[in-house]
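Examining the three-dimensional arrangement
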Amino acid sequence: MKNKLLTPFRLAVLGLFTVFITWEAYMHQVKGGGPDGTASIHALCPFGGLESLYTVFISGSMIDKIYAGTFVLFIITIVLAVVFRRSFCGWICPFGGIQEFLGRFGKKVMGKQLVMPRKVDKVLRLIKYPVLIVTVFAAWKTATLWMSPYDPWAAYGHIGEGPASLFSEFFIGTILLIVTVIGSFLYDRFFCKYLCPMGGFLGIISRISPFRISRNKDVCISCNLCTKVCSMNIDVAKLETVTDSECINCQECTAVCPQPGALENSFSFKPGKTMKPLLVGLIVLLIYFGGIGISALTGSYILLPEPITEETTVLSVDELKGYMTLSEISTVTGIALDEVYRKMEIPENIPSSTAVKDISGIIPGFDFHTAREKLKE
């Protein structure tokens, strides 16, 4: 009975995460991302911690839209990957949840989902690793969220801005979002398998995890239900131990198994001590929310910038954020306001209360990052 509760419980958790992040993304478009705004999906995505890692170590600052709370999420997902493999993907990731819901809808409509030819599938799954390398290297090199215009998740977060924004600022990301939607309708977790850099990173980390799903071939009745329910298309029924880096630890295979003792969860250092599928999920959520709770109590779970006042610590030009107004830039850098206007090549008729991220809507072709570099000169 408890195993039957796993699927609806896991889908409910994924659904709640998806609704929450979708609402946050919409409110970010409404309120902005300043001290009184709402966190962006970049700040709420643990991958931002990896993208900003080099900048933090080199200069002590973070790239745009990434804050201390993002690093907290990044560290928690690493802990989860070490302990319970890619469980973040199977239980928490809202983009994974969207794909799974689309996949289940596709199965209802078509009766079943398509299966990629094994040879093609094997090659396509390698794509996410070059994507991971390019994305992280470019973010470290440019000290920006370089991937954002090409990121289907970023495009999803800006749907509230309408088609004009999606097909101008996020053209490639929007195309990939459409491809992901169609692909996930036809194939299980399309983006997770082939393109997700975070999934690739967590898959690498999960290689050291002691957690594993073991199949007792002496008890197994070879019903193949475990293989059929695997959204990552792992042939569980032919394995003795599931240690594949593609496994998202959704626990669907262990929950669907009709034969007691055929599929069991355990740690390599305690092979005789097994865990129920639902218990695994509950511990995953406990680690995730417990980590957030502890960091919140210690004051490190910060997803928005501090208000800018006359007492604000002087910032370097590299630390300037798009939500800042021209007058705030003058305040935090100590550069005279008229110099800010001159160096950033901003017309004097634009009010000093204007956020620099909004200037591109006033001056065609204005780019904050380029203007920020000019401010250094």
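Since the structure is predicted, the reported quantities are computational estimates derived from the model, not experimental observations.

Concerning the environment of Ala139
Topologically, Ala139 is positioned in helix α8 (residues 128–142). Beyond its immediate sequence surroundings of up to four residues, Ala139 is in contact with Glu51, Thr144 and Trp146.

Regarding the pairing of strand β4 (residues 270–275)
Pairing analysis gives three bridges linking strand β3 (residues 263–267) to β4, with the strands arranged antiparallel. Residue pairing for β4: Phe267 is matched across the bridge by Lys270. Connecting β3 to the antiparallel partner β4 that follows it, the hairpin turn spans two residues.

Some thoughts on the packing of aromatic side chains
Given two aromatic rings, one states the distance between the centres and the angle between the planes to describe the pair. One pass over the full model with this rule turns up 19 aromatic pairs. Both rings, one in Phe95 and one in Trp153, keep their centres 5.2 Å apart while their planes meet at 50°; by these two values the pair is tilted. Here Phe95 is found in helix α6 (residues 94–110), whereas its partner Trp153 is found in helix α9 (residues 152–157), with 58 residues between them in sequence. Take Phe95 and Trp153: they sit in the same class, and that class is buried. Aromatic pair Trp146 and Tyr150: ring centres 5.2 Å apart, planes at 45°, arrangement tilted. Exposure remark for Tyr150: the relative accessible area of 36% places this residue in the partly exposed category. Each member of the aromatic cluster is reached from another via a ring pair, and the members are Phe17, Phe88, Tyr288 and Phe289.

Brief notes about the sheet that holds strand β2 (residues 241–242)
One open sheet holds the four strands; their spatial order is β2-β1-β3-β4, and the pairing between them is antiparallel. Two strands close off the open sheet at either side, each with one partner strand: β2 and β4. The sheet strands contacting helix α16 (residues 277–297) are β1 (211–215), β3 and β4, and the helix crosses β4 at an angle near 90°.

What about the pattern of salt bridges?
Taken as a whole, this structure holds 14 salt bridges when the rule is applied. Here Asp121 makes a salt bridge to Arg125, at a shortest N to O gap of 2.8 Å. Under the relative-accessibility criterion, Asp121 is labelled buried at 13%. A salt bridge links Lys217 to Glu240; the nearest nitrogen and oxygen atoms lie 3.5 Å apart. On the criterion of sequence distance, the pair formed by Lys217 in the loop between β1 and α14 (225–229) and Glu240 in the loop between α14 and β2 is long-range, its members being 23 residues apart. What you see here is one network of salt bridges that share partners, running through Arg10, Glu100, Arg104, Arg189 and Glu252.

Here's the deal with the packing of helix α4 (residues 68–84) against α16
Interhelical geometry of α4 versus α16 gives an angle of 150° and a closest axis separation of 10 Å. Considered as vectors, α4 and α16 are oriented roughly antiparallel to each other. As α4 packs across α16, the resulting crossing turns out to be right-handed. Here Val72, Leu73, Ile76, Val79, Leu80 and Phe84 of α4 come into contact with α16, specifically with Val280, Ile283, Val284, Ile287, Tyr288, Gly291, Ile292 and Ser295. For the contact of α4 with α16, the class distribution of residues is twelve nonpolar, two polar and no charged.

As for the confidence of the model for the chain
Considering every residue of the chain, the mean pLDDT works out to 91; 98% of them sit at 70 or more. For the chain, helix α10 (residues 163–166) is the element with the lowest average pLDDT, namely 82, and helix α5 (residues 87–91) is the one with the highest, namely 97.

Remarks on the state of the cysteines
A disulfide bridge is the covalent bond that connects two cysteines by way of their sulfur atoms. On inspection of all chains with the given rule, the structure shows zero disulfides. Looking at the unpaired Cys45, the closest cysteine sulfur is the one in Cys93, lying at 7.2 Å. With a relative accessible area of 21%, Cys45 lands in the partly exposed category. Sulfur of Cys247: no disulfide; nearest cysteine sulfur belongs to Cys253 and is 6.5 Å away. Given a relative accessible area of 9%, Cys247 falls into the buried group.

What counts and what doesn't
- Residues numbered from 1 in each chain as written.
- Predicted model: local features only at pLDDT ≥ 70, side-chain atom pairs only at ≥ 80, totals over all residues.
- Heavy atoms only, no water.
- Helix = DSSP H or I, 4+ residues; strand = E, 2+ residues; numbered from the N terminus.
- Contact = heavy atoms within 4.5 Å.
- Pairing = 2+ DSSP bridges.
- Phe/Tyr/Trp six-rings, centres within 6.5 Å; stacked < 30°, edge-to-face > 60°.
- Buried < 20%, exposed > 50% of the residue type's maximum accessible area, 1.4 Å probe, protein only.
- Axes fitted to C-alpha atoms, helices over the stretch in contact; angles between N-to-C directions.
- Salt bridge = Lys/Arg side-chain N within 4 Å of Asp/Glu carboxyl O.
- Parallel < 35°, antiparallel > 145°, perpendicular 65-115°, else oblique.
- Left-handed = near helix turned anticlockwise from the far one by under 90°.
- Nonpolar A, V, L, I, M, F, W, Y, C, P; charged D, E, K, R; others polar.
- pLDDT = per-residue confidence, 0-100.
- Disulfide = S-S within 2.5 Å.

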